[in-house]
Protein chains: 2
Amino acid sequence: MTQSRAGTEPPRTRVSFLSQRSAGASGRVLRPSAKLLPEDARGHNRALVLQTLFTVGQQSRADVARGTGLTRVTVSDLVTELMAEGLLVETGQREGARPGKPAILLDIDRSSFQIIGIDLSDSAVFRGAVLDLGGSIQRRVQLPVTGSIGQAAIDQVAILIESLLALVTAPLLGIGVGSPGIVDRAGVVISAPNLEWTGVPLQAALSEQFGVPVVVANDANAAVLAEHSFGDASGEGDLMLVRVGRGVGAGLLLGGALLYGSRFAAGEIGHVVVGTDGGELCSCGTHGCLETWLAAPRLEAKLADAALDTTPGAAGDTILREAGRRLGIALATIVGALDLSEVVLSGPERLLDGSLVEATRETIRRRTMERLHGGLTLRLSTLGDDIVLRGAAVMVISSRLGVS
Amino acid sequence: MTQSRAGTEPPRTRVSFLSQRSAGASGRVLRPSAKLLPEDARGHNRALVLQTLFTVGQQSRADVARGTGLTRVTVSDLVTELMAEGLLVETGQREGARPGKPAILLDIDRSSFQIIGIDLSDSAVFRGAVLDLGGSIQRRVQLPVTGSIGQAAIDQVAILIESLLALVTAPLLGIGVGSPGIVDRAGVVISAPNLEWTGVPLQAALSEQFGVPVVVANDANAAVLAEHSFGDASGEGDLMLVRVGRGVGAGLLLGGALLYGSRFAAGEIGHVVVGTDGGELCSCGTHGCLETWLAAPRLEAKLADAALDTTPGAAGDTILREAGRRLGIALATIVGALDLSEVVLSGPERLLDGSLVEATRETIRRRTMERLHGGLTLRLSTLGDDIVLRGAAVMVISSRLGVS
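As the structure is a computational prediction, the values presented were derived from the model and not from experiment.

Re the overall build of chain A
- Within chain A one finds 14 helices and 16 strands.
- Here chain A holds 404 residues, and 55% of them are scored as buried.
- Contacts spanning at least 24 positions in sequence make up 61% of the contacts within chain A whose residues lie at least 6 apart.
- For chain A, the exposed surface amounts to about 16,900 Å²; the carbon and sulfur share of it is 51%.

Right under this line is the structure:
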């Protein structure tokens, strides 16, 4: 097969995906510093219809009009467009409808497109999955990568994506990647020491290689998006998710938007010193960083020394309580400054659940004003090891469809 | 003079102000959860034209079109509207223009409207001013209020506004009030212990009493807006302003928007415990809150005890350094979590400048990663005692004209 017009066609890919054209307008971010045109309003309203159906579930056109404040004509028009693209389906008539013209229910067709999610945060294994539009994992692939760094690690990511592409059974909306380290808004990994990546334009490289839209972001940022969309988050829009693993990092969702920070390092709390009474030497050269108290390998080593005796009052329990207390000292200041209502921990449950999280909760309570922060929710995520994979899917859905 | 149609006219006021209708659309906040209509695009673009002229200064219509990306027809149309309202004026022709049709320059007419700004943060005196659209103070009024609480304090605010209204010499854009305590988005003072206000709907009450648009916000939030608009802020959009006075509070501007927090208490860092080595008893009942180290009255008392000897190495200097160190301990965690590039201190220069701010800077440096936060700017505001008054003006300009 030859291309119909040499040089004017986009590169052919082995997978089909929703065209940029149809999703482009709705993916625009509305910023006061950018001009706003009538077509932006249409894209915004299109995203609004999708958001309502994603959030509330199946509804009639009239329900959507009421929920969004859009006219029924506008809603009908947008629904026709979205059904033609396969994103929406009619699911039948409302049960128990009153006599007269029955209301036809609409819903997102969660199987209409698929997403590839990649989690690079584990230094021993790169994890990948094929997910549907509902963020449910359809297929998984894992690639042991111990010791892979630099270009070799980038090659491993491509191999993982290749193997996942073979498992895709619907048009591909895009590929989302959660990477350790500092990642800018263009998906350039500015710095990921564990992978020895510096200034790696991973998003652009993968997008070019596979010819599909790719979104690369920090793993904790992906995780907080997953918690917001699929976890038990209250949905108030402000949420902090703390990831405890080889290091300690966090993702912050403020006013419903990810916080990036001045150098894309928001949430990097692992190397902030905690307390005024010393601490162990950290890999960064400072004493008493949060990671020296809380990083999983350090905690595991300390627990091994304490003969894994974690019964209350035993040495292991004391170690976990002290780790939790140190996390609480750091979080108390952040909760106070940001007036957070919810902080979620993600990482090894064996370490985090129980004494550790209890000590964190107690420490925050002691170090902030009860009147203001007594209602704080501090809990473990229920999304387990899939949190970054599912967050990577949210990144793609958000960037392609304008919903969160 | 009688009203032309009883019951259908808005209450008459003694001052004229820009009609809600003309400014309403542009004042709309664009949120993804709200529907977006064509008139919103027009309002947005109108604000964009004003924003460009506020930020860049005088420009031709063609400059504005280039700067905003809007068509020249749209710009001409919006400029005509804005000139009719008095907000824009033609200021002459560009000097040294090339031959041919000379470019006529436009600018905001900063004298076209005035704003009343009110600062209630000082417990001894309520401060007020008449400001122009450039945030310059035209007239001032101060009202000693020592001891006024509850309704008496509300009455004093009204008296202050009355006296300022008599000094207004242009149509009034609105009244901005910076209040101590926790203030919600509707301008209800949820809690201001010093004034013994709980759930006072100050914004609604003043707006009804005076028949003009009123915006009430927390004083530190007003201050961070002033620093962003009129101070030496880098303009990157993320900024923390720490106010040191009777208490300690902060305003946070993240991604160009004020952070409110889950209970409107964002920035309330005064009662977060600092360090793990004890501290004095705070008014809130806890030991070692930031206010016990840093609040101006406590520092003044300690310095008086130390015989006001603030030469290096002397007791007074040690007190200031320790206060700065404690502020640095709290800020290090916040700078790390938010990846801030700039933190500005506002309060008595005699206390903050020199040893205190140096110790804060050094402490943040020691407790965060040099690689990420070595470029942090920590400095004193140059706006002095007018910071809340000028911030109150920004609040009004922002809410009425959609610019920041």
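Brief notes about the packing of helix H10 (residues 315–338) of chain A against helix H10 (residues 315–338) of chain B
- Relative to each other, H10(A) and H10(B) sit at 75°, their axes nearing to 9 Å. Judged on the interaxial angle alone, H10(B) and H10(A) are roughly perpendicular. Judged by residue contacts, Ala330(A), Thr333(A), Ile334(A), Ala337(A) and Leu338(A) of H10(A) engage Ala330(B), Thr333(B), Ile334(B), Ala337(B) and Leu338(B) from H10(B).

Description of the pattern of salt bridges
- A complete count under the given rule lists 47 salt bridges over all chains for this structure.
- Across the salt bridge formed by Glu280(A) and Lys302(A), the nearest N and O atoms sit 3.3 Å from each other. Within this pair, whereas Glu280(A) is found in the loop between strand S14 (257–258) and helix H8 (290–294), its partner Lys302(A) is found in helix H9 (residues 296–305), the two being separated by 22 residues in sequence.
- Here Lys302(A) falls in the partly exposed class, since its relative accessible area comes to 22%.
- With a shortest N-O distance of 2.4 Å, Glu300(B) and Arg350(B) are connected by a salt bridge.

What about the nonpolar core?
- Membership of the largest hydrophobic core comes to 80 residues, with the highest contact counts inside it found for Met240(A), Val242(A), Val343(A), Met240(B), Val242(B) and Val343(B).
- Those residues in contact with Met240(A), other than ones at most four positions away along the chain, are Ala250(A), Gly251(A), Leu252(A), Ile269(A), Leu331(A), Ile334(A), Leu340(A), Glu342(A), Val343(A) and Val344(A).

Structural notes on the relation of the copies chain A and chain B
- Once turned by 180° and shifted 0.0 Å along the axis, chain A lies on chain B with an RMSD of 0.0 Å. In the structure described here, the two chain copies are related by an operation that fits a two-fold rotation axis.

As for the sheet that holds strand S3 (residues 104–108) of chain B
All names here are of chain B.
- Taken together, three strands build an open sheet; the order of strands is S1-S3-S2 and the sheet is antiparallel. Unpaired on one side and paired on the other, strand S1 (59–60) and strand S2 (88–93) mark the two borders of the sheet.
- Summarising the sheet, S2 and S3 pair through five bridges and their orientation is antiparallel. Following the sheet pairing, Gly92 is matched in S3 by Leu105.

Focus on the interface of chain A and chain B
- Across the boundary between the two partners, chain A contributes 60 residues, which contact 60 residues of chain B.
- Taking both partners together, chain A and chain B bury about 4,500 Å²; carbon and sulfur atoms supply 59% of that area.
- Scanning the region where chain A abuts chain B turns up zero salt bridges.
- Inspection of the region where chain A meets chain B yields 19 residue pairs in polar contact (both at pLDDT 80 or more).

Remarks on the sheet that holds strand S3 (residues 104–108) of chain A
Residue and element names in this part refer to chain A.
- In space, the three strands of this open sheet follow the order S1-S3-S2, with antiparallel pairing throughout. Looking at the sheet topology across the chains shown, the edges are occupied by strand S1 (59–60) and strand S2 (88–93).
- One ladder, built from two bridges, connects S1 with S3; its direction is antiparallel. Bridge assignment links Ser60 to a residue of S3, and that residue is Leu105.
- Along the sheet face, helix H4 (residues 72–84) touches S2 and S3 and points at about 110° away from the line of S2.

Considerations on the pairing of strand S4 (residues 114–119) of chain B
Residues and elements named next belong to chain B.
- Extensive coverage of S4 is indicated by the burial of six of its six residues.
- Burial of S4 is two-sided: the residues Gln114, Ile116 and Ile118 facing one way and the residues Ile115, Gly117 and Asp119 facing the other way are all buried.
- Relative to strand S5 (residues 125–132), S4 is paired through six bridges, and the arrangement is antiparallel. Looking across to S5, one finds that Ile116 is bridged to Val130.
- The antiparallel pairing of S4 with S5 creates a hairpin that spans five residues between the two strands.
- Bridge count for S4 against strand S7 (residues 172–179) is six bridges, and the pairing is parallel. Its bridge partner lying in S7, Ile115 is registered against Gly174.

Some remarks on helix H12 (residues 355–367) of chain B
- The terminal C-alpha atoms of H12(B), which comprises 13 residues, lie 18 Å apart, in line with the 18 Å expected from a rise of 1.5 Å per residue.
- Looking at the buried positions of H12(B), the neighbouring elements they touch are helix H8 (290–294), helix H9 (296–305), H10, strand S15 (342–346), helix H11 (349–352) and strand S16 (377–380) of chain B.

Let's talk about the state of the cysteines
All names here are of chain A.
- The tally for this structure, following the rule as stated, stands at zero disulfides over all chains.
- Here Cys289 is not cross-linked by a disulfide; its sulfur's nearest cysteine counterpart is in Cys284, at 3.5 Å.
- Note on Cys289: relative accessible area 0%, which makes it buried.

Rules used in this analysis
Numbers given to residues run from 1 along each chain, matching the order in which its sequence is written. Here chains are named by letter from A upward and ligands by number from 1 upward, in the order in which they appear as written. Residues qualify for local features only when their pLDDT is at least 70, as the model is predicted, and side-chain atom pairs are given and counted only at 80 or more; totals for whole chains, interfaces and linings, by contrast, use all residues. Neither water nor hydrogens contribute to the side-chain values; these are computed over all heavy atoms in the structure. Here a strand is any run of E in DSSP of at least two residues, a helix any run of H or I of at least four, and the numbering for each starts at the N terminus. The rule is simple: take the accessible area with a 1.4 Å probe, protein chains only, and divide by the maximum for that residue type; under 20% is buried, over 50% is exposed, in between is partly exposed. Whether two residues are in contact is decided by their heavy atoms, any of which lying within 4.5 Å being enough. Surface exposure here means Shrake-Rupley accessible area, sampled with a 1.4 Å probe, where a residue is shielded only by the protein chains that are shown. Axis definition: a line fit to C-alpha positions, over the contact stretch in the case of helices; interaxial angles, taken between N-to-C directions, run 0 to 180 degrees. By definition in this entry, angles of less than 35 degrees are roughly parallel, angles greater than 145 are roughly antiparallel, angles of 65 to 115 are roughly perpendicular, and the rest are oblique. Only one rule defines a salt bridge in this text: a Lys or Arg side-chain nitrogen within 4 Å of an Asp or Glu carboxyl oxygen. Side-chain atoms within 4.5 Å are what join buried Ala, Val, Leu, Ile, Met, Phe, Trp, Tyr and Cys residues into a set we call a nonpolar core. Least squares is used to superpose the copies, and the fit set is the C-alpha atoms of residues whose pLDDT is at least 70 in both copies. Here, a strand pair is defined by DSSP locating no fewer than two bridges between the strands. Note on definitions: buried area is the accessible-area loss of two parts on being combined, 1.4 Å probe, summed for both. Residues adjacent in sequence count toward polar contacts only when both atoms are side-chain atoms; beyond that, a polar contact is any pair of N or O atoms within 3.5 Å, and within protein one must be able to donate a hydrogen and the other to accept it. Expected helix span is taken as 1.5 Å per residue step, with the number of steps being one fewer than the number of residues. Note on terminology: pairs of cysteine sulfur atoms within 2.5 Å are recorded as disulfides.

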